[in-house]
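What follows is each chain in one-letter form.
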There are 2 protein chains.
Amino acid sequence: MSDLEIRPAAPHDLPAIVAMLADDPLGARRESPDDLTPYTAALTRLTADPNQHLVVAVRDDRVVGTLQLTVIPGLSRRGSTRSIIEGVRIHADERGNGLGTRLIEWAVDESRRQGCQLVQLTSDATRTDAHRFYERLGFEASHVGFKLSI
Amino acid sequence: MSDLEIRPAAPHDLPAIVAMLADDPLGARRESPDDLTPYTAALTRLTADPNQHLVVAVRDDRVVGTLQLTVIPGLSRRGSTRSIIEGVRIHADERGNGLGTRLIEWAVDESRRQGCQLVQLTSDATRTDAHRFYERLGFEASHVGFKLSI
């Protein structure tokens, strides 16, 4: 298997990223891969924010994975900085070959590099395979994640 | 009961905020109210970041509550911006009088004002009273929250 590169996402990656966001039981209902306008605006905001790290995993010039890492300073836990991982997606052709592990390990290493003491994420309660995956990587399912659409 | 003000936290609020962070079954083990140095550094970082909103609730010139709201742009859900609520604390003297509801309602209103489509938070699995509180405010316990200390 050829080498993998993990690098910041660029505008020309958007079609591949949005296709991955949509190729998912939950994402299929929530995304609009035929209209990239809202994604282009969001990428501009992400790129302008130094605490946002949207990356893609690329193999053979093909985008095969993505995640978003956000660095959040805070007061609690003696002024700890934490990071939050969102929007983890692996291309259907690349599932089960360790790419997810590589991406999460990248996020943990980058969080350490940014001075974070804690990495956190939430996963939909229906994604039981993902929960086992995160527990294998050392994450603890210690919290309940609440959401409110507004 | 006199009027409540919710405003951005300032350096002179730190002793009261840290005392609230520490006055909590989980916070008691994690905070150092006798040494404000790490909190002062964290507040400087928070204040410099336009996507961070650390606020205090003040009644009769006394800090009686706090929370941190973070605005996070993103690609998923058609380029939705979400907000995350962290570090919600209510002074022991003010629990059960609706102040928590006022603070969360402030956070939801501010999230709407900032163009967010989703508000999210995680709550330690042991805080069952807090879970009922968030569900009463319309939040859905749809996710599992994972954390990794690094």
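Residues numbered from 1 in each chain as written. Chains lettered and ligands numbered in written order. Predicted model: local features only at pLDDT ≥ 70, side-chain atom pairs only at ≥ 80, totals over all residues. Heavy atoms only, no water.

Turning our attention to the pattern of salt bridges. With the rule as written, the count across this model stands at 20 salt bridges over all chains. A salt bridge links A:Arg62 to A:Asp93; the nearest nitrogen and oxygen atoms lie 2.7 Å apart. With A:Arg62 in strand β3 (residues 62–72) and A:Asp93 in the loop between β4 (82–90) and α4 (99–113), the pair connects residues that are 31 residues apart, well separated along the chain. When its relative accessible area of 56% is taken as the criterion, A:Asp93 is described as exposed. Here B:Asp13 and B:Arg7 are joined by a salt bridge, their closest N and O atoms 2.8 Å apart. Three or more residues joined by partner-sharing salt bridges are found here, namely A:Asp24, A:Arg89 and A:Arg127. (Salt bridge = Lys/Arg side-chain N within 4 Å of Asp/Glu carboxyl O. Helix = DSSP H or I, 4+ residues; strand = E, 2+ residues; numbered from the N terminus. Buried < 20%, exposed > 50% of the residue type's maximum accessible area, 1.4 Å probe, protein only.)

Rotating chain B by 180 degrees about the axis while translating it 0.0 Å along that axis superimposes it on chain A, leaving an RMSD of 0.0 Å. Put plainly, the chains are arranged around a two-fold axis. Taken together, the interface assignments show that 100% of the residues at the interface of chain B recur at the interface of chain A, consistent with an identical surface on both copies. (Least-squares fit on C-alpha atoms with pLDDT ≥ 70 in both. Contact = heavy atoms within 4.5 Å.)

The next thing to look at is the sheet that holds strand β2 (residues 52–59) of chain A. The strand order across the open sheet formed by 12 strands is β1(A)-β2(A)-β3(A)-β4(A)-β5(A)-β6(B)-β6(A)-β5(B)-β4(B)-β3(B)-β2(B)-β1(B), and the pairing between neighbours is mixed. Unpaired on one side and paired on the other, β1 (4–8) of chain A together with β1 (4–8) of chain B mark the two borders of the sheet. Across the sheet, the mean angle separating the axes of adjacent strands is 30 degrees when strand polarity is ignored. As paired elements, strand β6 (residues 140–149) of chain A and strand β6 (residues 140–149) of chain B share five bridges and run antiparallel to each other. Along β6(B), the bridge assignment pairs A:Glu140 with B:Lys147. (Pairing = 2+ DSSP bridges. Axes fitted to C-alpha atoms, helices over the stretch in contact; angles between N-to-C directions.)

Moving on: the UniProt feature "domain: N-acetyltransferase" (unreviewed entry) in chain A. Mapped onto the present numbering, the UniProt feature "domain: N-acetyltransferase" (unreviewed entry) falls on residues 4–150 of chain A. Within residues 4–150 of chain A, the helical portion is 33% and the strand portion 34%, while the C-alpha atoms at the span's ends are 38 Å from each other. (UniProt positions renumbered as here; feature names shortened; annotations may be inferred.)

What follows is about the pairing of β2(A). All names here are of chain A. Of all eight residues in β2, eight are buried, a share of seventy percent or more. Burial along β2 is two-sided: Gln52, Leu54, Val56 and Val58 and His53, Val55, Ala57 and Arg59, pointing in opposite directions, are all buried. Summarising the sheet, β2 and β3 pair through eight bridges and their orientation is antiparallel. The residue bridging alanine 57 from the neighbouring strand is glycine 65, located in β3. Between β2 and β3, which pair antiparallel and follow one another directly, the connecting turn spans two residues, one of which, aspartate 60, has a positive phi of 50 degrees.

What follows is about the pairing of β6(B). In the case of a regular strand, side chains alternate between the two sheet surfaces. Summarising burial for β6(B): seven of the 10 residues are buried, a large majority. Pairing of strand β5 (residues 118–124) of chain A with β6(B) involves seven bridges; the strand directions are antiparallel. Within β6(B), the residue paired with A:Val119 across the bridge is B:Leu148.

A separate point is the interface of chain B and chain A. Counting residues at the interface gives 63 residues for chain B, matched by 63 residues for chain A. Where chain B packs against chain A, one counts four salt bridges. Between B:Arg82 and A:Glu86 there is a salt bridge, with the nearest N and O atoms lying 3.1 Å from each other. Counting across the interface, chain B meets chain A through 34 residue pairs in polar contact (both at pLDDT 80 or more). With 10 residues, β6(B) is the largest single contributor of residues to the side of chain B that touches chain A. Of the residues that constitute the side of chain B that touches chain A, the class distribution is 28 nonpolar, 21 polar and 14 charged. (Polar contact = N/O pair within 3.5 Å; in protein donor to acceptor, adjacent residues only side chain to side chain. Nonpolar A, V, L, I, M, F, W, Y, C, P; charged D, E, K, R; others polar.)

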